[in-house]
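# Descriptive analysis of the structure
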Amino acid sequence: MKRLGDFKLHLIVLIMVIIAELIGIRRFQIGPGTAIFLPMLYALVIGMFLGPRFLKVVNKEEMDIAGPLINVSVMLLMAKYGAIIGPDVPTLFSKGPALIFQELGNLGTILLALPVALLLGFGREAIGATFSVAREGSLAIVSDLYGLDGPEGRGVMGVYISGTLFGAIFFGLLAGFAATLLPLHPWALAMACGVGSASMMAASSGALAALYTDPALKSEILAFAAASNLLTGATGLYASLFLAIPFTEWLYKLLRPIIGRRGGDDK
């Protein structure tokens, strides 16, 4: 049965890829911004609707079989981006300090997200939900410091699940809007794509690269995004542990009595 289930999953993935590639890259003008839909986004949406909560083409057991294959796919993706980085290493080294210090920009998400979470009525769930983009490394940190059964664990798990479902779509759209509306160099936007998630980085950097016609600039955008993502993966764990978590705890204690609403778990 497992072999049959594996064959079914591979066939479904093949069909999804064919459909997504046939749709291709689509651009939409939304106000002054440009939204770009990539084949990866279509595949994510199709996969979401094939699950047990919607069309039930794939059941829970088959989803459990498919889960570990994500790691294999991500490894192949990162190998590809490692090859992309190689030819542009001199350029990356020349911008080394910018790549390193851009990691501090990830702390800005706390300033934006934590007040919103408190206004919505979250308690300590807001800490787990807002100190990072809540990928695998963040789950490990929260599990070790607080436990996943507590409010902080519920917060990080909620954002992790939301990011898995909608993160690539959101970042793909955000990259198109940012490139159209913000007066920033493509390299700066490319570095911002490296948030520590391979799928989010691929969606946003792909959308960003699709806006430019110069092949050399496209290659540089992908290289900067991949390098930024690798650095975030390497340094993000320590930045979250020693900077983001303490800062989030401090800001939570400061803002909770001022703008916090009743609700959530504050223990």
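My aim in this report is to walk through the structure given alongside it, one point at a time. (Residues numbered from 1 in each chain as written. Predicted model: local features only at pLDDT ≥ 70, side-chain atom pairs only at ≥ 80, totals over all residues. Heavy atoms only, no water.)

## Some remarks on the environment of Pro-39
By secondary structure assignment, the location of Pro-39 is in helix H2 (residues 39-49). A sequence separation of 164 residues divides Pro-39 from Ala-203, and the C-alpha atoms of the two residues are 9.2 Å apart. Sequence-distant contacts of Pro-39, that is, excluding residues within four places in its chain, are made with Ala-20, Glu-21, Gly-24 and Ile-25. (Helix = DSSP H or I, 4+ residues; strand = E, 2+ residues; numbered from the N terminus. Contact = heavy atoms within 4.5 Å.)

## Comments concerning the environment of Leu-119
For Leu-119, the location among the structural elements is in helix H7 (residues 108-119). Take Leu-119: its relative accessible area is 46%, and that puts it in the partly exposed class. Spatially, the C-alpha atoms of Leu-119 and Arg-261 are 6.2 Å apart, while their sequence positions differ by 142 residues. Apart from residues lying up to four places away in sequence, Leu-119 is in contact with Ile-259 and Arg-261. (Buried < 20%, exposed > 50% of the residue type's maximum accessible area, 1.4 Å probe, protein only.)

## Details of the pattern of salt bridges
In the structure shown here, the tally under the stated rule is 3 salt bridges. The salt bridge involving Glu-152 is made with Arg-124; its shortest N-O contact spans 2.5 Å. Linking Glu-152 in helix H10 (residues 151-181) with Arg-124 in the loop between H7 and helix H8 (125-130), this pair joins segments that are 28 residues apart in sequence. Like Arg-124, Glu-152 is buried. Arg-124 is the partner of Glu-249 in a salt bridge, and the nearest nitrogen-oxygen pair spans 2.7 Å. Placement of the pair is Glu-249 in helix H13 (residues 215-259) and Arg-124 in the loop between H7 and H8, with a sequence separation of 125 residues. Of the two residues, Glu-249 and Arg-124, neither departs from the other in class, the shared state being buried. A network of salt bridges, in which partner residues are shared, links Arg-124, Glu-152 and Glu-249. (Salt bridge = Lys/Arg side-chain N within 4 Å of Asp/Glu carboxyl O.)

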